Amino acid sequence: MTSSMLRASSEAPPERDRLPAGRSSRLPSLTGLRFPAAFMVFISHAALPVPQVRLFGDDRVAMDLNKATEKAGGLGVAFFFVLSGFVLTWSARPKDTARAFWRRRFAKIYPNYAITWGLAMVLFASAYTPTRVALANLFMVHVWVPDLQYLLSVDMASWSLGCELVFYAAFPLLHRLFLRIDPARLKYWIGGVLAGIILTPWFAYHVLPDSPAIQLSTSTSADASVKQLWFAYDFPPVRLLDFALGMLVAHAVLNGRWRNIGIMWSSVLLAGSYWLALKSDMLYAQRATSIIPITLLIAAAAMADAKGEFTLFRNRAMVWLGEISFAFYLLHSIVLVYGRKVLGHDLYSTPVAIGLVAALLAVCILTSWALYALVERPLTRRWSTPRRAKAATS
């Protein structure tokens, strides 16, 4: 499939796959797609049949809902990792410095992260989180420890930010290296990275110790050890492959070396890959089954934006939801866990539980909007540009 997506060097790019001259760095459809990805993470956590978040009193409903959504979180995270590499490459500034890039990323990411860390600690996490674990989480190094006490500490979604920290540290060097690749050879690099991602679960299952085992899935029988889960799903150098894939695909699109199948067919393949994920063992589902459709969809949406074509994801509402999606991602598990704490230990009928999940979703959207409007947006605008540059333009 990969070779069919990338044209050989001797092929003239079809007119439909060429980007117009003077492309914009803005990709509103990709911004809009961020929220569906974040929602997939939200619903996978809301459906967990664990006391910290469970609301459904009917055991069968609770288990069926979990089976239907337990692979959604991994798909959403993979989407964000590939998207991050793609967008940063697409919008890279020709004369940018590593220091300026890191300053912008810090201003964008860390204030929200520190605020949500503090919020989780005040509301519930300080009661059971050791100081050493909390500090490791605060400094985004907890993801390097193959221990669930660290990986799921404070805010359960925070582990992925530890991976993003590594991505941002590596981006300036990777970007320079990838710019040197002959565009005609990008297909081999993309194929190699895809192979690495797809083989990661196999390596974890067959090489790493499989005990002590933990049950990762209610819909499949395969267990895995904490070390297998950590290596395949959380380990930053391994997840760097997802980020690098996004970067390489961006270079392929920009160089006219990508065969676009469009948003509709990419979405159909993504839906089919999720069905396959539901039938697959957890590590394969989280890392391998959806990675190609994710890549196809991101490239298709970017190309549609570059050509000014209509998509369902670039309207004002979807773009707004996409803009608050980072805050939403950081806040959603806090809202779910604290909401469960406020409600007490009661379980509810299915209609009432659905209503409560919808209410928690609304709370999450509203608090995410507040965090974005009051913290993320103003601090990003203030800190992203050096003082000397601001003085020169004033």
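Rules used throughout
Residues numbered from 1 in each chain as written. Predicted model: local features only at pLDDT ≥ 70, side-chain atom pairs only at ≥ 80, totals over all residues. Heavy atoms only, no water. Helix = DSSP H or I, 4+ residues; strand = E, 2+ residues; numbered from the N terminus. Buried < 20%, exposed > 50% of the residue type's maximum accessible area, 1.4 Å probe, protein only. Arc of directions from axis to C-beta. Polar contact = N/O pair within 3.5 Å; in protein donor to acceptor, adjacent residues only side chain to side chain. Phe/Tyr/Trp six-rings, centres within 6.5 Å; stacked < 30°, edge-to-face > 60°. Salt bridge = Lys/Arg side-chain N within 4 Å of Asp/Glu carboxyl O. Axes fitted to C-alpha atoms, helices over the stretch in contact; angles between N-to-C directions. Parallel < 35°, antiparallel > 145°, perpendicular 65-115°, else oblique. Left-handed = near helix turned anticlockwise from the far one by under 90°. Contact = heavy atoms within 4.5 Å. Nonpolar A, V, L, I, M, F, W, Y, C, P; charged D, E, K, R; others polar. Core = buried A, V, L, I, M, F, W, Y, C linked by side-chain atoms within 4.5 Å. pLDDT = per-residue confidence, 0-100.

Novice: Can you walk me through unusual backbone geometry in this structure?
Specialist: For residues besides glycine, phi is generally negative; the peptide bonds are generally trans as well. Its identity is not glycine, yet Met140 carries a phi of approximately 60°, on the positive side. Along the chain, Met140 turns up in the loop between helix H6 (131-138) and helix H7 (148-151). A positive phi is found at Val154, a non-glycine position, where the angle reads about 60°. Following the sequence through the fold, Val154 ends up in the loop between H7 and helix H8 (159-179). A residue is classified by how much of its surface remains accessible, and Val154, at 6% relative accessible area, is buried.

Novice: How should the environment of Gly272 be read in this particular structure?
Specialist: Topologically, Gly272 is positioned in helix H12 (residues 262-279). Accessibility expressed as a relative area gives 35% for Gly272, which makes it partly exposed. Placed 18 residues apart in sequence, Gly272 and Ser290 show a C-alpha to C-alpha distance of 8.7 Å.

Novice: Is there a simple way to explain helix H3 (residues 59-69) in this structure?
Specialist: Residue pairs three or four apart in sequence face the same way in an α-helix, which turns once every 3.6 residues. Burial in H3 covers these residues: Ala62, Asn66 and Thr69. The buried side chains of H3 occupy one side of the element, clustering within an arc of 80° when seen end-on. The N-terminus of H3 is capped by Asp58, whose side-chain oxygen sits 2.9 Å from the backbone nitrogen of Arg60.

Novice: I keep staring at the packing of aromatic side chains and nothing clicks. Help me out?
Specialist: Two aromatic rings are characterised by how far apart their centres lie and by the angle between their planes. Tallied over the full model, the rule gives 21 aromatic pairs. Centroid distance Phe81 to Phe167: 5.0 Å. Interplanar angle 90°. Geometry classified as edge-to-face. With a gap of 86 residues between them, Phe81 in helix H4 (residues 72-90) and Phe167 in helix H8 connect regions that are remote in the sequence. For Phe81, a relative accessible area of 1% corresponds to the buried category.

Novice: Would you mind going over the pattern of salt bridges with me for this structure?
Specialist: Any two side chains of opposite charge can pair, on the condition that their charged atoms come close. Using the criterion set out here, one finds 7 salt bridges in the structure. For Arg54, the salt bridge goes to Asp59, with nearest N and O atoms at 2.6 Å. The partner of Asp96 in a salt bridge is Arg104, with the nearest N and O atoms 2.4 Å apart. The class for Arg104 is buried, based on a relative accessible area of 15%.

Novice: How should I be thinking about the packing of helix H9 (residues 186-207) against helix H11 (residues 236-254) in this particular structure?
Specialist: The axes of two packed helices give the description: the angle between them and the distance between them. Following both chains from N to C, one finds H9 and H11 inclined at 155°, their axes separated by 9 Å at the closest point. Looking at the two axes, H9 sits roughly antiparallel to H11. When the axes of H9 and H11 are compared, the crossing they make is left-handed. Between H9, through Leu186, Trp189, Ile190, Val193, Leu194, Gly196, Ile197 and Thr200, and H11, the contact on the second element is made entirely by Val238, Leu241, Asp242, Leu245, Leu248, Val249, His251 and Ala252. Along the lines of polarity and charge, the residues of the contact of H9 with H11 split into 12 nonpolar, 3 polar and 1 charged.

Novice: What is the right way to look at the nonpolar core in this model?
Specialist: Nonpolar side chains tend toward joint burial in soluble globular proteins. In terms of nonpolar packing, the biggest core is built from 117 residues, with Leu30, Phe86, Leu245 and Trp258 touching the most fellow members. No other element matches helix H14 (residues 291-306), which puts 13 residues into this core. In contact with Phe86, other than residues within four places in its own chain, are Leu27, Leu30, Gly246, Met247, Val249, Ala250, Val253, Ile298, Ala299 and Ala302.

Novice: Help me understand the environment of Phe79 in this model?
Specialist: Tracing the backbone through its elements, the reader meets Phe79 in helix H4. It is 9.5 Å that separates the C-alpha atoms of Phe79 and Leu297, two residues lying 218 residues apart in sequence. Residue contacts for Phe79: discarding those within four places in its chain leaves Leu33, Ala37, Ile294, Leu297 and Ile298.

Novice: Is there a simple way to think about H6 in this case?
Specialist: Among all positions of H6, only Val133, Ala134, Ala136, Asn137 and Leu138 are buried. Backbone geometry just downstream of H6 places Met140 in the positive-phi region, at approximately 60°.

Novice: For this particular structure, what's the right way to read the confidence of the model for the protein chain?
Specialist: Low-pLDDT portions of the prediction should not be read for the details of their coordinates. With 89% of its residues at a pLDDT of 70 or more, the protein chain has an overall mean of 90. Low confidence marks residues 6-10, where pLDDT is under 50. Its contacts with residues over four positions away, or in another chain, come to 17 contacts.

Novice: In this structure, what is going on with the side chain of Ser158? I would like to understand it.
Specialist: Tracing the sequence through the fold places Ser158 in the loop between H7 and H8. A distance of 3.2 Å separates a polar atom in the side chain of Ser158 from a polar atom in the side chain of His142.

Novice: Sorry, what's going on with the packing of helix H16 (residues 325-343) against helix H17 (residues 350-383) here?
Specialist: In the contact formed by H16 and H17, the axes pass within 8 Å of each other and the chain directions differ by 135°. Here H16 is positioned oblique relative to H17, judged by the angle of their axes. By crossing handedness, the relation of H16 to H17 is classed as right-handed. Each of Phe326, Ala327, Phe328, Leu331, His332, Val335, Leu336, Gly339 and Leu343 in H16 lies in contact with H17, whose residues at this interface are Leu356, Leu360, Leu361, Val363, Cys364, Ile365, Thr367, Ser368, Leu371, Tyr372 and Glu376. Tallied by class, residues from the contact of H16 with H17 come to 15 nonpolar, 4 polar and 1 charged.

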